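# Architecture and fold: a report
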Amino acid sequence: MKIAITSTGEGIQSKVDRSFGRAKWFVTFDTETKTVEAHSNDQNIHASHGAGIQAAQNVAHLGVEALLTGNVGPNAFRTLQAASIEIFLLDATVETVEDALARWEAGDLPGIGAPTREGHWV
Amino acid sequence: MKIAIASGKGGTGKTTIATNLALSRAEAGERITLADCDVEEPNCHIFLKPHIVSSEPVTVQKPEVIEDRCTGCGICGDVCEYNAIAVIKKKVLIFPELCHSCGACSLLCPENAIIETPRNVGIIEKGSTAKLSFVQGLLNIGELMSPTVIHTVRKAAGNNGHVIVDAPPGTSCPVIEAVKESDFVVLVTEPTPFGLYDLTLAVGMVRELGLPFAVAINRSDLGMSELTRYCDSEGIDIILEIPDDRRIAEAYSRGEMIIHALPEYRPLFDSCWTEVMRRHRLPLSKQKEEVL
């Protein structure tokens, strides 16, 4: 299965990005092929509205089934739910994308059933 | 004639000037409509105390999907510029607060599966005082679409005598919607660094819109010569100067009209009007010439 992690950079050593809608990169990891890919979220970083919705759509189109991130707003949450993407929360102790993956594999990251934040603009 | 009272900085005195200008003209026998377009927080009614005779909802169109006809093709999501539609797993998700009611989704759906239905975003109220006509808009709390309500207020004010528009502060979409189609804009400022900086932004806006304008300085004797130097160097006329009189603030804080509480200020508003009348007939090129 494919997992996406919100990241500040392109590689697995990059520090995670705690934001979802306006994260810099989505780093995807395929658990079967073990391939790592980086997808830019440039389109949404400066969007004043609808960043979460667009980011969720983009992630869904990548065939992602699980998302590891720091925060999810209400619009992004609704869209991710519709796409049946499971969301796992990165706490303050998770530093890099590699950490995030390891913690997820160990079953250490809590899932979320509701948005973590109110919506916000830019 | 339609005059808009705008500013860059908030709290400079737009409502004070709009209401006192409107009422002094009305009391002089002119037909006046005051249109309060500061729809997030309309305050003119506090001073003019109009009798409201009608209250109607302002609506915008939002899309609705007819599920039986939808094939999940995703075209509606693709054409939406505002991310108000997401199509996930052949299901259409609509985010009404982001919708700008452009109608593209409904128009371009190949299955005719999208209809538009109205959604309340605010109210418009009409009324009058003994002397003037009055219209105000109020945006519902939590809504983003102030331009729609502002547009409705402007249209309702129509051409009913001279229309004086109290615009919201700032220089973005809501303000532009309020000052559009005006014959003249009075930019209100104060002689402080914030007043000056925000005025330069407001000047940029009215020039971009090609509207004739002049400046009104509130609390004018606070003493900041940079403001008058700026107006001078830009060829911008100052047509009203209200001194920093504490009694004005006291009257304002009691919800009183300046021209009633302190009648000695009435001539200032009369001459401001005369200056506007003189200037709005100038061809636009004269205003632009000053820039070059």
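Predicted model, so just to flag it, every value in this text is computed and none were measured. (Residues numbered from 1 in each chain as written. Chains lettered and ligands numbered in written order. Predicted model: local features only at pLDDT ≥ 70, side-chain atom pairs only at ≥ 80, totals over all residues.)

## Regarding the overall build of chain B
The following threshold applies: Numbering of helices and strands starts at the N terminus; helices are DSSP runs of H or I of at least 4 residues and strands are runs of E of at least 2. Remark: C-beta atoms are placed from the backbone, and a residue is labelled buried if 20 or more other C-beta atoms sit within 10 Å of its own, exposed if 12 or fewer do, or partly exposed between those counts. What counts as a contact here is a pair of residues whose C-beta atoms, placed from the backbone, lie within 7 Å.
The secondary structure content of chain B amounts to 12 helices and 11 strands. Summarising its shape, the C-alpha atoms of chain B cover approximately 70 × 45 × 35 Å along the three principal directions. Burial analysis of chain B (292 residues in total) assigns 47% to the buried set. Long-range contacts, defined as pairs at least 24 residues apart, comprise 73% of the intrachain contacts of chain B with a sequence gap of at least 6.

## Here we look at the sheet that holds strand β2 (residues 25-30) of chain A
Residue and element names in this part refer to chain A. Note the following rule: Strand pairing is assigned whenever DSSP identifies at least 2 bridges connecting the two strands. Helix axes use the C-alpha atoms of the stretch in contact, all axes being lines fitted to C-alpha atoms, and the angles between their N-to-C directions lie in the range 0 to 180 degrees.
Spatially, β3-β2-β1-β4-β5 is the arrangement adopted by the five strands of the open sheet, whose pairing is mixed. Looking at strand neighbours, the two that pair on one side only are β3 (36-40) and β5 (86-89), the edges of this open sheet. Between one strand axis and the next, the sheet turns through 25 degrees on average, direction left out of account. Pairing analysis gives four bridges linking strand β4 (residues 66-69) to β5, with the strands arranged parallel. Bridge pairing in β5 links Thr69 to Leu89. Packing against the sheet, helix α4 (residues 97-105) makes contact with β1 (2-7), β2, β4 and β5, and its axis sits at approximately 140 degrees to β1.

## A word on the sheet that holds strand β1 (residues 2-7) of chain B
Residue and element names in this part refer to chain B. Read from one edge to the other, the open sheet built from nine strands follows the order β3-β6-β7-β2-β8-β1-β9-β10-β11, with strand pairing classed as mixed. A single partner strand is all that each edge strand has here, and the edge strands are β3 (51-65) and β11 (238-242). Direction aside, the axes of adjacent strands within the sheet are offset by 20 degrees on average. In this sheet, strand β6 (residues 114-128) lies alongside β3 in antiparallel orientation, the contact comprising 14 bridges. Each bridged residue has a counterpart across the sheet, and for Ser54 the counterpart in β6 is Lys126. Along the sheet, helix α11 (residues 266-279) contacts β1, β9 (184-189), β10 (213-218) and β11; its crossing angle with β11, the most-contacted strand, is approximately 170 degrees.

## Regarding the confidence of the model for chain B
For residues with low pLDDT, the predicted coordinates do not support detailed interpretation. The condition is simple: Predictor confidence is given residue by residue as pLDDT, running from a minimum of 0 to a maximum of 100.
When pLDDT is averaged across chain B, the result is 93; 96% of the residues are at 70 or more. When the criterion is pLDDT under 50, residues 285-292 of chain B qualifies, and its contacts beyond four places in sequence or with other chains add up to five contacts.

## As for the interface of chain A and chain B
Note the threshold: Note on residue categories: nonpolar means Ala, Val, Leu, Ile, Met, Phe, Trp, Tyr, Cys or Pro, charged means Asp, Glu, Lys or Arg, and polar means any other residue, Gly included.
Across the boundary between the two partners, chain A contributes 12 residues, which contact 10 residues of chain B. Of all the secondary-structure elements, those providing two or more residues to the side of chain A that touches chain B are α2 (51-61) and α3 (74-82) of chain A. With five residues, the single largest contributor to the side of chain A that touches chain B is α2 of chain A. For the side of chain A that touches chain B, a count of residues per class yields five nonpolar, six polar and one charged.

## Section: the environment of His280 of chain B
All names here are of chain B. Within the secondary structure layout, His280 lies in the loop between α11 and α12 (284-291). Using a count of 18 C-beta atoms within 10 Å as the deciding quantity, one classes His280 as partly exposed. For the pair His280 and Val65, spaced 215 residues apart in the sequence, the C-alpha separation amounts to 49 Å. If we ignore the near neighbours within four places in the chain, the residues touching His280 are Met1, Asp183, Phe184 and Pro212.

## Let's talk about α2 of chain A
Within α2 of chain A, nine of the 11 residues are buried, which leaves the element mostly enclosed by the surrounding structure. Those residues of α2 of chain A not exposed but buried are Ala51, Gly52, Ile53, Gln54, Ala55, Ala56, Gln57, Val59 and Ala60 of chain A. Tucked inside the fold, the buried residues of α2 of chain A contact β1, β2, α1 (42-45), β4 and α3 of chain A together with β4 (85-88) of chain B. Among the residues trailing α2 of chain A, Gly63 of chain A stands out with phi positive, at a value near 80 degrees.

## Some points on the domain arrangement of chain B
Stated formally: Residue ranges labeled as domains rest on an automatic or database domain assignment.
Domain annotation of chain B identifies domain 1 (2-58 + 121-291) and domain 2 (67-112). Distance between the C-alpha centres of domain 1 of chain B and domain 2 of chain B: 40 Å.

## Topic: the packing of helix α7 (residues 193-209) of chain B against helix α8 (residues 225-234) of chain B
All names here are of chain B. Quick reminder of the rule: Each angle gets one of four labels, with under 35 degrees taken as roughly parallel, over 145 as roughly antiparallel, 65 to 115 as roughly perpendicular, and the rest as oblique. Helix crossings fall into two classes, left-handed where the near helix is turned counterclockwise from the far one by less than a right angle and right-handed where it is turned clockwise.
Relative to each other, α7 and α8 sit at 25 degrees, their axes nearing to 10 Å. As far as their axial angle goes, α8 and α7 are roughly parallel. Considering how the two elements wind past one another, α7 and α8 form a crossing that is right-handed. On α8, the residues that touch Gly195, Leu196 and Val203 of α7 are Glu226, Leu227, Tyr230 and Glu234. Each residue belonging to the contact of α7 with α8 can be placed in one class, and the counts come to four nonpolar, one polar and two charged.

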